[in-house]
Amino acid sequence: MRRIYMDHAATTPIHPEVTEAMLPYLGERFGNPSSVYTEGREARKAVEAARSQVAEALGADPTEIYFTSGGTEADNLALIGTARANRKRGDHIITTAVEHHAVLEPCHYLEKEGFRVTYLPVDGAGLVDPEGVRVALTPSTVLVSVMHANNEIGTVQPIEEISSICREAGVYLHTDAVQTAGALDVEVNRLGVDLLSVSAHKLYGPKGTGCLYVRKRTKVQGILLGGGQERRMRSGTENVAGIVGFGAAMELAARECRERSDHVRPLRDRLIEGILENIPHTELNGHRQRRLPNNVNVRFSYIEGEAICLRLDFQGIAASTGSACSSENLEASHVLLALGVAPEEAHGSLRLTLGRDNTTEDVDYVLEKLPPIIEGLRAMSPLYPGH
Ligand code: PLP
């Protein structure tokens, strides 16, 4: 059966050019970058070349890039590493209620270590008010962490405005750019951030690799202790093949970013309009304009997102409810609840995230299959008033 993949926010297929770049490092070029002999030096050269590719894509210096095992570790390092290294300066962190769990869980952990964390609210479209950041700042605030764009609803935050407020106050700003690298401009100086997390598998690279950008002179201490790799910031033998793939994926993303967004944006709009026009009792989650070019997230009253996903899967369509990371969790999405969506409504949400291989035919296929699925599920729902 024809398969249509529309869950690119969960993960993306590896780009063929990325696979090609990685292959030698899964085979004959197996050296450890810390070894002094030829095989080691060859691996070191590959890691440093990838560091330059990543730095170039972010408009950063290679010495500001620290490779990690992906977005989760980059976020943990940003939050825990910065908080601990600046403990003497203060004990207060500001973040938002809609962050990924990779930021929220380290915040909860830091609270147990004695830090105080402010979780800023968002408006009904998922936007953080920069003035809210200003008001929440205290003399003991050491770090503000606001994601660039939300992984569930695609809302893009006003990072530049938040950055000027943080700069004025002399407080570090971290952004989780896991969903925006490869989709939007993530040039660190334009955004004005001190720390920025990226994950390779969201931009046609391999899983299990990514990086934390750390602006020069930002005080961060490593959280993985051991052999002292990554200039003592992240111990552990480097994932050479993964890092090489990440570098190639970032270079491709920087080159194709505009083209990729221009490809998916009209498909996104066709999907949103097609769904809202043809299916009653349906609302868009997130901001209509300030949203990722590939993100569609809609909620259908009276039914369950899980059931919609399963039925779409039977029709060959891969989509998700809320976020992939919480799809085994039956609690309503913390993001939708923060927007003020009622829990029973939040459960009826569906996320479709487009990618470079999706076509207008794919969109039209979804628009053909979805309405009867929704109608069928509502016909079985005791909550549906239209019986
Ligand atoms: N941050 C955001 C916004 C994400 O969407 C994800 C993954 O879903 C992560 C962090 C975690 O990244 P990784 O899967 O590389 O650990």
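Everything discussed here concerns the structure shown above.
These lines cover the structure that appears in this document, whether it is placed above or below.

Thresholds applied
Residues numbered from 1 in each chain as written. Predicted model: local features only at pLDDT ≥ 70, side-chain atom pairs only at ≥ 80, totals over all residues. Heavy atoms only, no water. Helix = DSSP H or I, 4+ residues; strand = E, 2+ residues; numbered from the N terminus. Rg over C-alpha atoms; globule rule 2.2 N^0.38 Å. Buried < 20%, exposed > 50% of the residue type's maximum accessible area, 1.4 Å probe, protein only. Contact = heavy atoms within 4.5 Å. Areas by Shrake-Rupley, 256 points an atom, 1.4 Å probe, with all protein chains shown as cover. Lys, Arg positive; Asp, Glu negative; His and termini not counted. Charge placed at Lys NZ, Arg CZ, Asp CG, Glu CD. Pairing = 2+ DSSP bridges. Axes fitted to C-alpha atoms, helices over the stretch in contact; angles between N-to-C directions. Near = heavy atom within 4 Å. Polar contact = N/O pair within 3.5 Å; in protein donor to acceptor, adjacent residues only side chain to side chain.

A count of helices and strands for the protein gives 12 helices and 12 strands. For 387 residues, the compact-globule estimate of 2.2 N^0.38 gives 21 Å, and the protein sits close to it at 21 Å. Per-residue burial for the protein yields a buried fraction of 59% across its 387 residues. At a minimum sequence separation of 6, the contacts of the protein that also span at least 24 residues come to 73%. Surface summary for the protein: the accessible area is close to 16,300 Å², and the carbon and sulfur share equals 52%. Within the protein, one finds 40 positive and 51 negative side-chain charges whose respective centroids are separated by 6 Å.

Topologically, Val178 is positioned in the loop between β6 (172–176) and α7 (188–191). Val178 sits 44 residues away from Arg134 along the chain, and the two C-alpha atoms are 25 Å apart. In contact with Val178, other than residues within four places in its own chain, are Gly71, Ser197, Val198, Ser199 and Lys202.

Attention now moves to the sheet that holds strand β7 (residues 195–199). The mixed open sheet is built from seven strands, whose spatial order is β2-β8-β7-β6-β5-β3-β4. Each of the sheet's edge strands pairs with one partner strand only, and the pair in question is β2 (65–68) and β4 (116–120). Recorded for the sheet is a direction-independent mean angle of 20° between the axes of neighbouring strands. Judged from the five bridges that link them, strand β3 (residues 92–96) and β4 form a sheet pairing that is parallel. Opposite His92, over in β4, you have Arg116 as the bridge partner. Helix α4 (residues 101–112) contacts β3, β4, β5 (141–145) and β6 of the sheet and is inclined by roughly 145° relative to β4.

Turning our attention to the site of the ligand. Around the ligand, a shell composed of 14 residues is seen, among which Gly71, Thr72, Asp176, Ser199 and Lys202 lie nearest. At 2.6 Å, a side-chain N or O of Ser199 approaches an oxygen atom of the ligand. Relative to its unbound accessible surface of 390 Å², the ligand loses 89% to contact with the protein. Ranked by the residues each element gives to the shell around the ligand, the list is headed by helix α3 (residues 71–85), at three residues.

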